Amino acid sequence: MTESVRQTGASPEQRMTEWDGDHAASGASGDLDGELLGVDPAELGDEDLIRELQSLHRTRLDTLRHASDSALANHLRRTAELETEYLARHPGREIDPSRLRDS
C-alpha cells in the first residue's frame, strides 16, 4: 500500500477521476464518448463470462502498473461488472476449504 493510499484511505475507484462509482447509472455496458466499453455481462453465456474474467485478471497487474488513468478506470469498471454478474449467477458458489484461514 502506498503512502498516499494510507493517508487518504481512498480506494482505487475513489481516486480515479473517470470512475463514476455507480455502474447501474451508465448502463451495464458503459459508454464513454459514444464508445461501447463491452458487452452487457447479463448477455454473456457462462463460458464467455468466465473467459472475460480470466482475460481481465490475466492483465490486472500490467494495467495497474502501466496503463493510463482512463484505462485503469475502465478496467476497474469492467471487472466490477463481470464479477457482479458472476456472483449473481453463482450465489452459492463452492468454497474451497484450503482457501479458508484458521479462526
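**Q** Give a description of the overall build of the chain that names residues and reports values.
**A** Looking only at helices and strands, the chain has four helices and two strands in total. Along the chain, helices (α) and strands (β) appear in the sequence α-α-β-β-α-α when read from the amino end. Split into buried and exposed, the 103 residues of the chain put 23% on the buried side. At a minimum sequence separation of 6, the contacts of the chain that also span at least 24 residues come to 65%. Carbon and sulfur atoms provide 49% of the accessible area of the chain, an area that totals close to 7,700 Å².

**Q** How would you explain the confidence of the model for the chain if you had to name every residue and give the values?
**A** Residues at a pLDDT of 70 or more form 64% of the chain, whose mean pLDDT is 78. Taken element by element, the predicted model of the chain shows its lowest mean pLDDT in strand E1 (residues 31-32) (50) and its highest in helix H3 (residues 46-66) (96). For the stretch residues 18-31, pLDDT sits under 50, and the model shows 30 contacts to residues farther than four places along the chain or on other chains.

**Q** Tell me about the environment of Pro-41, residues and numbers included.
**A** The residue Pro-41 is located in the loop between strand E2 (35-36) and H3 in this model. On the accessibility criterion, Pro-41 (2% relative accessible area) is buried.

**Q** Residues and numbers for the packing of H3 against helix H4 (residues 69-89), please.
**A** Any two packed helices are characterised by how steeply their axes cross, that is the angle between the axes, and by the distance between the axes. Across the interface, H3 lies against H4 with an axial gap of 10 Å and an inter-helix angle of 145°. The two elements H3 and H4 meet at a crossing, and its hand is left-handed. Across the interface between the two elements, Asp-46, Leu-49, Ile-50, Glu-52, Leu-53, Leu-56, His-57, Thr-59, Arg-60, Thr-63 and Leu-64 of H3 pack against Ala-71, Leu-72, His-75, Leu-76, Arg-78, Thr-79, Leu-82, Glu-83, Glu-85, Tyr-86 and Arg-89 of H4. In terms of residue class, the contact of H3 with H4 is made up of 10 nonpolar, five polar and seven charged.

**Q** A description of the nonpolar core should follow, citing residues and the corresponding values.
**A** Listed in full, the five residues of the largest apolar core are Leu-44, Leu-49, Leu-53, Leu-56 and Leu-82. For this core, the element with the highest residue contribution is H3, accounting for three residues. The contacts of Leu-49, once residues within four sequence positions are left out, are Leu-44, Leu-82, Glu-85, Tyr-86 and Arg-89.

**Q** Just give me the short version of the pattern of salt bridges, but keep the residues and values in it.
**A** Applying the stated criterion across every chain yields a total of six salt bridges. Between Asp-46 and Arg-89 there is a salt bridge, with its nearest N and O atoms 2.7 Å apart. Placement of Asp-46 in helix H3 and of Arg-89 in helix H4 is noted, with a sequence separation of 43 residues between them. The exposure class of Asp-46 is partly exposed, given its relative accessible area of 45%. What makes Arg-89 partly exposed here is its relative accessible area of 25%. Where Glu-81 meets Arg-78, a salt bridge forms, and the shortest distance between an N and an O atom there is 3.2 Å. Taken as a pair, Glu-81 and Arg-78 lie in helix H4 at a separation of three residues, close to a single helical turn.

Rules and cut-offs
- Residues numbered from 1 in each chain as written.
- Predicted model: local features only at pLDDT ≥ 70, side-chain atom pairs only at ≥ 80, totals over all residues.
- Heavy atoms only, no water.
- Helix = DSSP H or I, 4+ residues; strand = E, 2+ residues; numbered from the N terminus.
- Buried < 20%, exposed > 50% of the residue type's maximum accessible area, 1.4 Å probe, protein only.
- Contact = heavy atoms within 4.5 Å.
- Areas by Shrake-Rupley, 256 points an atom, 1.4 Å probe, with all protein chains shown as cover.
- pLDDT = per-residue confidence, 0-100.
- Axes fitted to C-alpha atoms, helices over the stretch in contact; angles between N-to-C directions.
- Left-handed = near helix turned anticlockwise from the far one by under 90°.
- Nonpolar A, V, L, I, M, F, W, Y, C, P; charged D, E, K, R; others polar.
- Core = buried A, V, L, I, M, F, W, Y, C linked by side-chain atoms within 4.5 Å.
- Salt bridge = Lys/Arg side-chain N within 4 Å of Asp/Glu carboxyl O.

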